Amino acid sequence: MPLTIRRRELLLGAGAAAGLATVGMPGIARAEAASHTVQMLNVHPENKRLRQVFFPRIQVISPGDTVVFEATDRGHNSAVIDGMIPEGTEGWDGKIGDEVSVTLDQPGLYGYKCTPHASVGMVGLVIVRGEGALDNLEAAQDVRQRGKAKSAWEEIWEEVAAMEDLTSEEPAA
Ligand SMILES: [Cu+2]
């Protein structure tokens, strides 16, 4: 049976070589990409007086990361707001009640809403950090908001103004 043994050795060798080959592949760097969760909720988990919310409302991610909008409570969706995403990007438009998962490569601000609850302030922002992350800040701030979305965005922009290092790829240590 020496032939069989040799064949097994060959197969093992091939497997090991294939394993080594993948280590240096560019795709492996994506293994570092993170997944972040935003819950779509009827009641804010830390302040019961706040209703119809995305939690957290602002999510800062790195290019290539994924954001999952979880349909924790029913009746919500996540859809980008016209004029509030970086130029040339597609955004997303989730159906009501559906979980949506988006992977974002382009640094910038991505403003979104729950379509039925935007006017009661159910809006949120994903910031993809990196060069040009704030390039569409003015354009996003210029978008006209209605009802409670107005004050919600004022609060969000205030928080964004206090954030540091958004234009660097890595969070400050
Ligand atoms: Cu909603």
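## What about the sheet that holds strand S3 (residues 58–61)?
Inference 1: Pairing is mixed in the open sheet, where 4 strands are placed in the order S3-S8-S7-S5. At either margin of the open sheet sits one strand with a lone partner, and together these are S3 and strand S5 (79–80).
Inference 2: Looking at chain direction, S3 and strand S8 (residues 123–128) are connected through 4 bridges and run parallel. Paired with Ile58 across the bridge in S8 is Leu125.

## What to know about the coordination of the copper ion
Inference 1: Looking at the copper ion, the protein donor atoms are His76 (ND1), Cys114 (SG), His117 (ND1) and Met122 (SD), and they sit 2.0 to 2.6 Å from it.
Inference 2: Metal-centred angles of 89 to 135° between the 4 donor atoms at the copper ion mark the site as irregular.
Inference 3: All donors to the copper ion come from one chain, and their sequence spacing reads H-x37-C-x2-H-x4-M. Comparing His117 with Met122, the two get one shared label, buried.

## Brief notes about a negative patch on the surface
Inference 1: Residues Glu32, Glu131, Asp135, Glu169 and Glu170 make up a contiguous surface patch of negative charge.
Inference 2: Here Glu32 shows up in the loop between helix H2 (26–29) and strand S1 (35–43).
Inference 3: A residue is classified by how much of its surface remains accessible, and Glu32, at 71% relative accessible area, is exposed.

## As for the nonpolar core
Inference 1: One finds Phe69, Trp92, Leu104 and Val126 to be the most contacted residues of the largest nonpolar core, which totals 18 residues.
Inference 2: Those elements giving two or more residues to this core turn out to be S1, strand S4 (65–70), strand S6 (100–104), strand S7 (108–113) and S8.
Inference 3: The greatest single-element share of this core, amounting to 3 residues, is contributed by S6.
Inference 4: Non-local contacts of Leu104, meaning those with residues more than four positions away in its chain, are made with Ile61, Ser62, Pro63, Gly64, Asp65, Trp92, Tyr110, Val126 and Val128.

## Things to note about helix H4 (residues 149–161)
Inference 1: Over its 13 residues, H4 runs 18 Å from end to end, which matches the ideal 18 Å to within 8%, given 1.5 Å per residue.
Inference 2: Of all the positions in H4, only Ala149, Ala152, Trp153, Ile156, Trp157 and Val160 are classed as buried. Projection of H4 onto a plane perpendicular to its axis shows the buried side chains occupying an angular sector of 130°, all on one side. Exposed residues on H4 whose side chains face more than 90 degrees from its buried face are Lys150, Glu154, Glu158 and Ala161.
Inference 3: The elements touched by buried residues of H4 are S3, S7, S8 and helix H3 (137–142).

Calculation criteria
Residues numbered from 1 in each chain as written. Predicted model: local features only at pLDDT ≥ 70, side-chain atom pairs only at ≥ 80, totals over all residues. Heavy atoms only, no water. Pairing = 2+ DSSP bridges. Helix = DSSP H or I, 4+ residues; strand = E, 2+ residues; numbered from the N terminus. Donors = N, O, S within 2.8 Å, 3.2 Å for Na, K, Ca; no water. Tetrahedral: all angles 85-135°; square planar, octahedral: opposite > 155°, others 65-115°. Buried < 20%, exposed > 50% of the residue type's maximum accessible area, 1.4 Å probe, protein only. Patch = residues over 30% accessible without salt bridge, like charges linked within 9 Å, V, L, I, M, F, W, Y side chains within 5 Å. Areas by Shrake-Rupley, 256 points an atom, 1.4 Å probe, with all protein chains shown as cover. Salt bridge = Lys/Arg side-chain N within 4 Å of Asp/Glu carboxyl O. Lys, Arg positive; Asp, Glu negative; His and termini not counted. Charge placed at Lys NZ, Arg CZ, Asp CG, Glu CD. Core = buried A, V, L, I, M, F, W, Y, C linked by side-chain atoms within 4.5 Å. Contact = heavy atoms within 4.5 Å. Expected span 1.5 Å × (residues − 1). Arc of directions from axis to C-beta.

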